[in-house]
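# Geometric and topological summary
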Amino acid sequence: MAKVISHNISKSQFILGIQCTKALWFYRNRPDLKTEIGEAQQVLFDQGNEVGRHAQDYFKGGIEVESEYWDIDGAIKKTGELIKAGKSVIYEATARSPEGIYSKIDIFKKVKGKNEWDLIEVKGSTTLKDYHVWDMASQRLAFVGAGYKIRKSILMHVNNGYVRKGDLDIKQLFTFQDCTKEVIERQKHVEDILPDLLKVLKKGREPSVDIGSHCDNPFKCDYKEHCWSHVPEYSIYDVASGKKLDELLSMGILNARDIPEGFSLGAKTLAVKSYQDNKVIVDAPTLKEWIQKLEYPLYYLDYETVGPAIPKFDGTSPYKQFPFQYSLHIQKIKGSKLKHLEFLHTETTDPREGFIKSLIENCSEKGSVVAYNASFEAGINNSLAEQFPKYRNKLKAINNRMADLLNPFRSKALYHPKQMGSASIKAVLPSFVPGMSYDNLNVTDGQEASRLGSLILEGDLEEDALNETIIKLKEYCSQDTLAMVKLIEVIYSYISK
Ligand code: SF4
């Protein structure tokens, strides 16, 4: 368990505390309640670390304050020693104010010819967010309080307008935003709030805080599993917000099942009614109209993509998704035997051109291309068409044949009460096709698939792990296209009822 100094608070703990004082108290006192880091969070952490490494490359010649993460006094001492030794760029410099807030700074840069410093905070995001200002303001307080003369507070973030051509251009990869003015203004608020948060930490038990939208804003709280354990699977929090939510809370209602008839929930009213009556919604004419537009043979298509923060190949930008895998089930006529084709790039080279060639060859030229949330696959094809203009027409032709299977489910032309408001294929499939779900697969969502794809492209897997990963990814992606085959069968069955 982390060693902590009870009368002090780190910058990150301060940020946690302004989201929720209870979360801050749990962080310091009940680590056992914390939910384990999920795949999505892990991907973000990994990307953040990678961005941080490149930011240090931008300011070459700097020196890092190396210390155990809990040894704040040691880090402060080392920072002082490096400054004394005349270092002008220090990574992870650390300071603590007498008020009790301590912070590290990614890049601590001396202003030439002056005894002043710039605080440069590195973020993996592509824009300035409000919590960044809190972050930088608490950081500034720590350094100013420690006696440093601070000139600017600067946010260094990823420039998503950068398109890689040849070697990685570190100067283009980042963009800088001088946030000094707003940070100084926000610093006063930090000073006001800080004593209250320090008081919370001295308490013997957690403060009383109700659950609400703050549990997901700006970040999903790590203690949700604990605080939300009494909330039913489909609750008022899924279907109402603002005044409507308050109204339901004041009526003592938590379960969506208990919402009184006639209580308007706008677009969500229908889904709640279906849940309460346990009744499938079927709009047969709309389903018929949708399915009649399909042209056989059908090509059920699904992509897996990666979008690294640091663009890896020519023509890609930070976070720009590109594909490394597809699955394709082909059905010549209604109800006929399926043919399965697939592509999975298993090397560290650029997967895009091989992907495009294989896709064009296997999708042939006639028949509807069915995808679930087709705008995603179509968007990827559009990007590929820009990056590889010689395949432009053929990729556009595939897009012109696309039919979005999400539409009949999103519009509730067909809706199952077990979907509980979600039109995601992960909710729709097991609702209509019991026994077929993603629960038993080794990869259960696109984020995990993306993480595995990145491991392959980075060459981070030994042979055995690579072979295992290939099996997992093939199994997952083909489940998505097989799911679509089954859902089309489901639509036919409801039309003929
Ligand atoms: S789940 Fe919500 S109420 Fe509970 S600690 Fe987190 S933010 Fe606070």
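Residues numbered from 1 in each chain as written. Predicted model: local features only at pLDDT ≥ 70, side-chain atom pairs only at ≥ 80, totals over all residues.

## Focus: the domain arrangement of the protein chain
To keep things clear, this is the line we draw: For the purposes of this description, domain bounds are those given by an automatic or database domain assignment.
Segmenting the protein chain into domains produces domain 1 (9–202), domain 2 (230–279) and domain 3 (285–495). If you average the C-alpha positions of domain 1 and of domain 2, the two centres end up 41 Å apart.

## Remarks on the pairing of strand β11 (residues 338–344)
How we decide: Strand pairing requires that DSSP identify at least two bridges connecting the strands. Under the scheme used here, helices are H or I runs from DSSP no shorter than 4 residues and strands are E runs no shorter than 2 residues, and both carry numbers assigned from the N terminus.
Bridge analysis of strand β10 (residues 322–331) against β11 gives seven bridges, and the strand direction is antiparallel. Bridged to Ser 327 within β11 is Glu 342. Where β10 folds back onto β11 in an antiparallel hairpin, the turn is made up of six residues, including Gly 335, whose phi is positive at roughly 80 degrees.

## Quick word on the nonpolar core
Cut-off, in case you're wondering: Defined on buried residues, the nonpolar core groups Ala, Val, Leu, Ile, Met, Phe, Trp, Tyr and Cys residues joined through C-beta atoms within 7 Å. Here a residue counts as buried when 20 or more other C-beta atoms fall within 10 Å of its C-beta, as exposed when 12 or fewer do, and as partly exposed in between; the C-beta atoms come from the backbone. By the criterion used throughout, residues are in contact when their C-beta atoms, derived from the backbone, lie within 7 Å.
Within the largest apolar cluster, 50 residues are counted, with the highest numbers of intra-cluster contacts made by Ala 23, Leu 24, Ile 107, Phe 108, Leu 119, Met 136 and Ala 137. No other element matches the seven residues that helix α5 (residues 130–145) contributes to this core. Other than its neighbours up to four places away in sequence, Leu 119 contacts Ile 105, Phe 108, Met 136, Gln 139, Arg 140, Phe 143, Ile 150, Ser 153 and Ile 154. Counting residues in each nonpolar core, the second largest holds 48 residues, with Cys 363, Val 369, Tyr 372 and Leu 384 among its members.

## Considerations on the sheet that holds strand β12 (residues 369–371)
Stated formally: Axes here mean lines fitted to C-alpha atoms, for a helix over just the part in contact, with angles spanning 0 to 180 degrees between N-to-C directions.
The strand order across the open sheet built from five strands is β11-β10-β9-β12-β13, with neighbouring strands paired in mixed fashion. Of all the strands in the sheet, the pair left with one neighbour each is β11 and β13 (402–404). Between one strand axis and the next, the sheet turns by 25 degrees as a mean value, whatever way the strands run. Looking at chain direction, β12 and β13 are connected through three bridges and run parallel. Paired with Val 369 across the two strands is Met 402, which belongs to β13. On top of the sheet, helix α13 (residues 352–363) reaches β9 (298–306), β10, β11 and β12; it is set at about 15 degrees to β10, its chief contact. Sheet contacts for helix α19 (residues 463–495): β9, β10, β11 and β12; angle to β10, the most-contacted strand, approximately 45 degrees.

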